[in-house]
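Structural overview for review
This is what each chain is made of:
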Number of protein chains: 6
Amino acid sequence: MRPDERAPSEMRQITIEKNYLMHPEGSVLVSFGDTKVICTASVEERVPPFMRGQGKGWITAEYAMLPRATGQRTIRESSKGKVSGRTMEIQRLIGRALRAVVDLDSLGERTVWIDCDVIQADGGTRTASISGAFAAMALAIQKVTVEKELPVFPVKDFLAAVSAGINAEGQPILDLNYAEDSTADVDMNIVMTGSGEFVELQGTGEEASFTHQELLDMLQIGQEGIGRIIQEQKSILGEELTAKITGEQS
Amino acid sequence: MRPDERAPSEMRQITIEKNYLMHPEGSVLVSFGDTKVICTASVEERVPPFMRGQGKGWITAEYAMLPRATGQRTIRESSKGKVSGRTMEIQRLIGRALRAVVDLDSLGERTVWIDCDVIQADGGTRTASISGAFAAMALAIQKVTVEKELPVFPVKDFLAAVSAGINAEGQPILDLNYAEDSTADVDMNIVMTGSGEFVELQGTGEEASFTHQELLDMLQIGQEGIGRIIQEQKSILGEELTAKITGEQS
Amino acid sequence: MRPDERAPSEMRQITIEKNYLMHPEGSVLVSFGDTKVICTASVEERVPPFMRGQGKGWITAEYAMLPRATGQRTIRESSKGKVSGRTMEIQRLIGRALRAVVDLDSLGERTVWIDCDVIQADGGTRTASISGAFAAMALAIQKVTVEKELPVFPVKDFLAAVSAGINAEGQPILDLNYAEDSTADVDMNIVMTGSGEFVELQGTGEEASFTHQELLDMLQIGQEGIGRIIQEQKSILGEELTAKITGEQS
Amino acid sequence: MRPDERAPSEMRQITIEKNYLMHPEGSVLVSFGDTKVICTASVEERVPPFMRGQGKGWITAEYAMLPRATGQRTIRESSKGKVSGRTMEIQRLIGRALRAVVDLDSLGERTVWIDCDVIQADGGTRTASISGAFAAMALAIQKVTVEKELPVFPVKDFLAAVSAGINAEGQPILDLNYAEDSTADVDMNIVMTGSGEFVELQGTGEEASFTHQELLDMLQIGQEGIGRIIQEQKSILGEELTAKITGEQS
Amino acid sequence: MRPDERAPSEMRQITIEKNYLMHPEGSVLVSFGDTKVICTASVEERVPPFMRGQGKGWITAEYAMLPRATGQRTIRESSKGKVSGRTMEIQRLIGRALRAVVDLDSLGERTVWIDCDVIQADGGTRTASISGAFAAMALAIQKVTVEKELPVFPVKDFLAAVSAGINAEGQPILDLNYAEDSTADVDMNIVMTGSGEFVELQGTGEEASFTHQELLDMLQIGQEGIGRIIQEQKSILGEELTAKITGEQS
Amino acid sequence: MRPDERAPSEMRQITIEKNYLMHPEGSVLVSFGDTKVICTASVEERVPPFMRGQGKGWITAEYAMLPRATGQRTIRESSKGKVSGRTMEIQRLIGRALRAVVDLDSLGERTVWIDCDVIQADGGTRTASISGAFAAMALAIQKVTVEKELPVFPVKDFLAAVSAGINAEGQPILDLNYAEDSTADVDMNIVMTGSGEFVELQGTGEEASFTHQELLDMLQIGQEGIGRIIQEQKSILGEELTAKITGEQS
């Protein structure tokens, strides 16, 4: 039995609150249980220097936690004067994952900045961030598509992320909360598209290793979780935007 | 007439949502109109090196804005690797203001960390931060008073902050929003206690100067605004905690 | 009785030594008693990026203390690799104050850099800095007005700063030295123009608060102090430059 | 056909030169084709603050490239004053991977510092680093085991890493060189133990995604590559040390 | 003929103003012509971590220039967030040179901090700094010798520094000013003791080289210059302190 | 007798391995006994901002040590976030020395970046770096001379560096290893051209001083050492390139 009485392959409650803030082109407040992340997407009409003049767009992400998102207060990275390795890893992951489902040529020479700010953490902040950031990005790109009259809608598929792991009893579990994450032997983050392909797969034995069969088990329940998150994304983005993303008639 | 049709000495709608987050000892989400700030208070059972061994407590504050709290995305201070002068000024102000109404001896050798994170900005972020931080701090100190069985309740008075200014027409106005703040000739931040004394007064002519009479006019409407904010603080903190702070029987 | 036997509203001896250094366009050595600050004004024929192309000038200030300006040696900010919050606050204040008496349009697209380097500190370094920096700036702008044949003299009024406070006996005192500053309950910095208007007002209760009457008392003696500093500025700048600043015939 | 005429599941030539430097407790020069990395292992008789007093050891890694390890000179991270996200990711990966095959309790309260310095880069620098670092670490721990008379040999299994990918023709390939890495659609780093379990799995679609079958194909050839690297490790570490690691009689 | 009409081996006017500041244990304002440096010596009753428990003292130096010590304003190193290579070289040189004439064992476990702040620069700032710093240090150590009743006076010899060079006409010249320094082919800094031995010798061909004979010529005139500076040091330090340093009866 | 049984004026074994790495335009692995440095020269087709538009080239150097080049592991400067004073001094010295034998006008508007990375240290890393960097630079400039069809070969003379010192017995010794360097009273680095002129001379008494005669003795043996290093440089660069550098027919 899991600490919060979920079944092994049961997700926590997922909610995505659309247009959470007034200024950004796209924004959501995403919750995976008690993990809450504000995700915003901002459109800037230029690209970084290394991409200029190619007619292509760019998507980049930043990630942070409020100092008291966690049980113990963590020191602000602005006070320390540097960004931690963990933060860098996560923000590189978010950006890379989102770029996999966007046609950067159709986006044109502009940047979508993704900001994921965790206001409350209970495990799975990176998977909640990716899943929420996709929704914020889709909203922002919808807006830019209309305003700049882009001929092709640049978002090509849905995208979501979920964690899976092997707990101390050797059982595969889905969407680990903080208590489970701290004690699991194996932790895997799975990022998949709406059409069921992998975009990122990061599995780590925490001072441990895992077998080929355990890998297959985690992928199996992960895939189910992805499906449920994408269902929630579709529900809040609405039929019309969903149809644009999947390329089907609405 | 003001942009949002308020009377010159009319505050925006103020709300304070208590216990907004699960981890901190005290937390609120404070709104002054569209300005929204998450204020948390964290208790740490030690003080900074320069205060050790004196048996006194300490209160310190940090302030930040989400990148997209503003109309244009601002670069994260963690990415720039340094905290801006504006941020430093504000967090020093918040800490200093709160310390003025706390008996640091009664608090004992522990630190209350205040974090004010602006999630949406529309002018007055520092006054909303101070007003919300007071409530979060009172909640955290209430908790520590019970848990550590402090003999005396360390918070000695209410505290709130409000801005006043002289607009381009020369009229004194209260609680400026962003549009007003950008065009005002004079901008004053007033921090006062529940008993009507000043704790901080910061008035600035923006490439302009102001007369003695204009100062008095701003103080007058500022004092009214402070009263209304403290009324809201009392309402959410409840009668018992209010009585402890004011030193009266509940 | 004050530690150095001054009357409550008596200033320390003020001296301003003109053209103290050979390289800067304007420079002074200003003393408020034992507080000594080298103030220089440097003219650069361009403005910061955010102001380009508007035909307006800019004035910006930097402030520092020699490590042994103080009783205890302080660590250099260059060694620490960052500028403290206190330094940032002061240099922002100096720049803002000076800009209030300069017509930036008449100055044209150039920057006046103000540098205030405290070589000996005994309280009131920020007010001595502003008062000395005004003189250095006036000298530099006089030079640029001649060399660049500016049609209008850009400095529009005199400007000086002084501190006032309430000492532990509850008495309002003017121009606090270090011993007084460390023990005062209230500390106020007042920046005023030659025509008697406020440019900045920063009053702080140091773990204390102050009443409306105490505020008025401090403003009263502050105003007297400002008058005496401006008299000294006029004396060293000379009649001709004074007349240009006040807009009167010499 | 691959650029260097290898078969799809063929590794580049692997060499590991033992005791390459005179000072470190363990050191090798590892080559995967033209990729050359100096790996050293240094033993320090203490652990980081967060681990003190637990009687456990720690293993941590740092990674860097010489500026001209690459075709274009890259700027030194010491000159930039910060470590890039890519570097942080790699050094965290190396440390985590090595810790998975060491019994930190048996190691005792000491740290093994791993340094991987790439002197020439042609793709696969992180997999060469992990594979070489394992050998350097085994040598250093062998030395410490003798000198400190550790009752149990702390290294519990062999460990190696290899990359696999899907090239633009959709074919799974092993041990990508730089030319292949730049054009592959999918890139996967696989870290495995001598007993055939996974320690880390990091697969990334580069602006692309990959199917479940492609994943299985990459894992298959990756497993073969791991076997060949471990064979080389055993050959240079010698029978006696190999037996200690595998727990068999030599 | 030199720009300021000096003879080839003629020094600029040297002045050393004793006890220039009120707070430091030792301080001077030293001038080599128009080059002016405030040198202070501060005594701290502890040594850096790497020297603790040895009963020996330490002497360390920091060097900086006011932004407008130079013809063009230079950016503050505190604003840039790092100390330049030139500054580091100079402050390491000053500290090393002073340590050569102090018996660190006799000094006892305390640090003398030397601060050299150039307020006006016209060439030779490092030689003026060393020559002035010696005087400030002697004053501070005299004070500590009395207060702590040191049995042996720790300063063992006089120390001064001067520059010599070969100008574009191939002539050896002494104590170069800025105009000469910018055009000289060779620049040499010579640090010598009162008894005529070398402590530091740093000669540099500026995109040029120099012969053995040119070296001997520069050493010759340098030695003369050193003599004149030490004469000035003796004159301001007084007979008694001079006798203590030279170890003779006064 | 010296620790490694060398005669006082005997060099350690010197080897220079040409074209050590595949990517740089010029590279060597230089050894002075157990001191081993990888020196690379990279050509960039532009110059730093302060030199643009003058048609002249530039040569600049960076220096670093692998963490475990030394007996005790040293912390990476990239981890500390800043470059030490020692490193800055050395890299400024290398760049300055090399520029003295190159005609920057003939080089044209391009930069040669020198990187010296010490992989094993046993004293004399800066002199080995300069001596090896000269060879790497000559190789790179030879390449650019051919590819860009430069009319004049820009390298005008050979250049090498060696250390000399006075050991604790008062004897002058050449090419100090680490054990000697740590105990010597005087340490001198001598950089000379193939035609026997000085480019840099840096002599330091380590808490000691040295006489004129000791200086002459060190210069004498230093000159002999320089000759032997240049002989090795000529041998590996070959007759044709040697003739270009010395300006003689091959």
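These figures come from a predicted structure and were not determined experimentally.

1. Focus on the overall build of chain A
On a plain count of helices and strands, chain A comes out with seven helices and nine strands. Taking 250 residues into account, the globule formula puts the C-alpha radius of gyration at 18 Å, and chain A, at 18 Å, falls close to it. Among the 250 residues that make up chain A, the fraction classed as buried is 60%. Charge separation in chain A, taken as the distance between the mean sites of 25 positive and 37 negative side-chain charges, equals 7 Å.

2. What to know about the packing of helix 2 (residues 85–99) of chain C against helix 4 (residues 125–147) of chain C
Residue and element names in this part refer to chain C. Two elements in contact, helix 2 and helix 4, have axes separated by 10 Å at closest approach and are oriented at 40 degrees. Between helix 2 and helix 4, the interaxial angle falls into the category oblique. Handedness of the helix 2/helix 4 crossing: right-handed. Taking contact as the criterion, the partners of Arg86, Glu89, Ile90, Leu93, Ile94 and Leu98 in helix 2 are, on helix 4, Thr125, Arg126, Ser129, Ile130, Ala133, Phe134 and Met137. In terms of residue class, the contact of helix 2 with helix 4 is built from eight nonpolar, two polar and three charged.

3. Section: the relation of the copies chain D and chain A
After a rotation of 180 degrees and a shift along the axis of 0.0 Å, chain D superposes on chain A with an RMSD of 0.0 Å. The transformation relating the two chain copies, once decomposed into turn and shift, fits a two-fold axis. Residues of chain D ranked by C-alpha distance from the rotation axis are headed by D:Gln202, positioned 2.3 Å from it.

4. Brief notes about the UniProt feature "domain: Exoribonuclease phosphorolytic" (unreviewed entry) in chain A
Residue and element names in this part refer to chain A. The sites that UniProt annotates as "domain: Exoribonuclease phosphorolytic" (unreviewed entry) are residues 10–140 and 158–225. As annotated, residues 10–140 has a helix share of 30% and a strand share of 31%, and its two end C-alpha atoms lie 31 Å apart. Within the segment residues 158–225, helix and strand shares are 29% and 40% respectively, and the terminal C-alpha atoms sit 14 Å apart.

5. Topic: the interface of chain D and chain A
Taken residue by residue, the interface counts 33 residues in chain D and 33 residues in chain A. Together chain D and chain A conceal approximately 2800 Å² of surface at their shared face, both sides included; 54% is due to carbon and sulfur atoms. For the chain D face of the interface with chain A, the top three residues by lost area are D:Glu89, D:Phe198 and D:Glu207, together amounting to 21%. Our enumeration of links across chain D and chain A arrives at four salt bridges. With a shortest N-O distance of 4.0 Å, A:Lys56 and D:Glu207 are connected by a salt bridge. Applying the counting criterion to the chain D and chain A interface returns twelve residue pairs in polar contact (both at pLDDT 80 or more). Elements with a contribution of two residues or more to the side of chain D that touches chain A: helix 2 (85–99), strand 8 (186–193), strand 9 (198–205) and helix 6 (212–246) of chain D. Of the residues forming the side of chain D that touches chain A, the biggest block, eight residues, is contributed by strand 9 of chain D. Residues that form the side of chain D that touches chain A fall into these classes: 14 nonpolar, ten polar and nine charged. Of the pairings in the sheet, the one linking strand 9 (residues 198–205) of chain A to strand 9 of chain D comprises five bridges and is antiparallel in character. When the bridges of strand 9 of chain D are listed, A:Leu201 appears paired with D:Gly203.

6. Digging into the packing of helix 4 (residues 125–147) of chain A against helix 6 (residues 212–237) of chain A
All names here are of chain A. Between helix 4 and helix 6, whose axes approach to 11 Å, the crossing angle comes to 30 degrees. When the interaxial angle is binned, helix 4 and helix 6 end up roughly parallel. For the element pair helix 4 and helix 6, the recorded crossing hand is right-handed. Here helix 4 contributes Ser131, Phe134, Ala135, Ala138 and Leu139 to the contact with helix 6, which in turn contributes Ile229, Gln233, Ile236 and Leu237. In the contact of helix 4 with helix 6, the residues fall into seven nonpolar, two polar and no charged.

7. Quick word on the environment of E:Ile38
The topology assignment puts E:Ile38 in strand 3 (residues 35–44). Residue classification places E:Ile38 among the buried residues on the basis of a relative accessible area of 1%. For E:Ile38 and E:Ala128, which are 90 residues apart along the polypeptide, the C-alpha to C-alpha distance reads 9.8 Å. The residues contacting E:Ile38, other than those within four sequence positions of it, are C:Leu66, C:Ile119, E:Tyr20, E:Leu21, E:Val28, E:Leu29, E:Asp115, E:Cys116, E:Asp117 and E:Ile119.

8. Examining the sheet that holds strand 6 (residues 159–166) of chain F
Here eight strands make up an open sheet; going across it, the order is 7(E)-6(E)-8(E)-9(E)-9(F)-8(F)-6(F)-7(F) and the pairing antiparallel. At either end of the open sheet lies a strand with only one pairing partner, and these are strand 7 (172–174) of chain E together with strand 7 (172–174) of chain F. Across the sheet, the mean angle from the axis of one strand to that of its neighbour is 20 degrees, orientation sign disregarded. Pairing between strand 8 (residues 186–193) of chain E and strand 9 (residues 198–205) of chain E: seven bridges, direction antiparallel. In the strand pairing of strand 9 of chain E, E:Val191 is matched with E:Glu200.

9. Describing the sheet that holds strand 1 (residues 14–18) of chain E
Residues and elements named next belong to chain E. Taken in spatial order, the five strands of this open sheet run 1-2-3-5-4, and their pairing is mixed. Of all the strands in the sheet, just strand 1 and strand 4 (58–65) have a single pairing partner and so form its edges. The mean angle between the axes of side-by-side strands here comes to 20 degrees, regardless of whether they run parallel or antiparallel. Direction of pairing for strand 1 relative to strand 2 (residues 26–32): antiparallel, over a ladder of five bridges. Across the sheet, residue Glu17 finds its bridge partner in strand 2, namely Leu29. Here helix 2 (residues 85–99) sits on the sheet and contacts strand 4 and strand 5 (111–120); the angle it forms with strand 4, its principal contact strand, is near 145 degrees.

The rules behind these values
- Residues numbered from 1 in each chain as written.
- Chains lettered and ligands numbered in written order.
- Predicted model: local features only at pLDDT ≥ 70, side-chain atom pairs only at ≥ 80, totals over all residues.
- Heavy atoms only, no water.
- Helix = DSSP H or I, 4+ residues; strand = E, 2+ residues; numbered from the N terminus.
- Rg over C-alpha atoms; globule rule 2.2 N^0.38 Å.
- Buried < 20%, exposed > 50% of the residue type's maximum accessible area, 1.4 Å probe, protein only.
- Lys, Arg positive; Asp, Glu negative; His and termini not counted.
- Charge placed at Lys NZ, Arg CZ, Asp CG, Glu CD.
- Axes fitted to C-alpha atoms, helices over the stretch in contact; angles between N-to-C directions.
- Parallel < 35°, antiparallel > 145°, perpendicular 65-115°, else oblique.
- Left-handed = near helix turned anticlockwise from the far one by under 90°.
- Contact = heavy atoms within 4.5 Å.
- Nonpolar A, V, L, I, M, F, W, Y, C, P; charged D, E, K, R; others polar.
- Least-squares fit on C-alpha atoms with pLDDT ≥ 70 in both.
- UniProt positions renumbered as here; feature names shortened; annotations may be inferred.
- Buried area = accessible area lost by both parts, 1.4 Å probe.
- Salt bridge = Lys/Arg side-chain N within 4 Å of Asp/Glu carboxyl O.
- Polar contact = N/O pair within 3.5 Å; in protein donor to acceptor, adjacent residues only side chain to side chain.
- Pairing = 2+ DSSP bridges.

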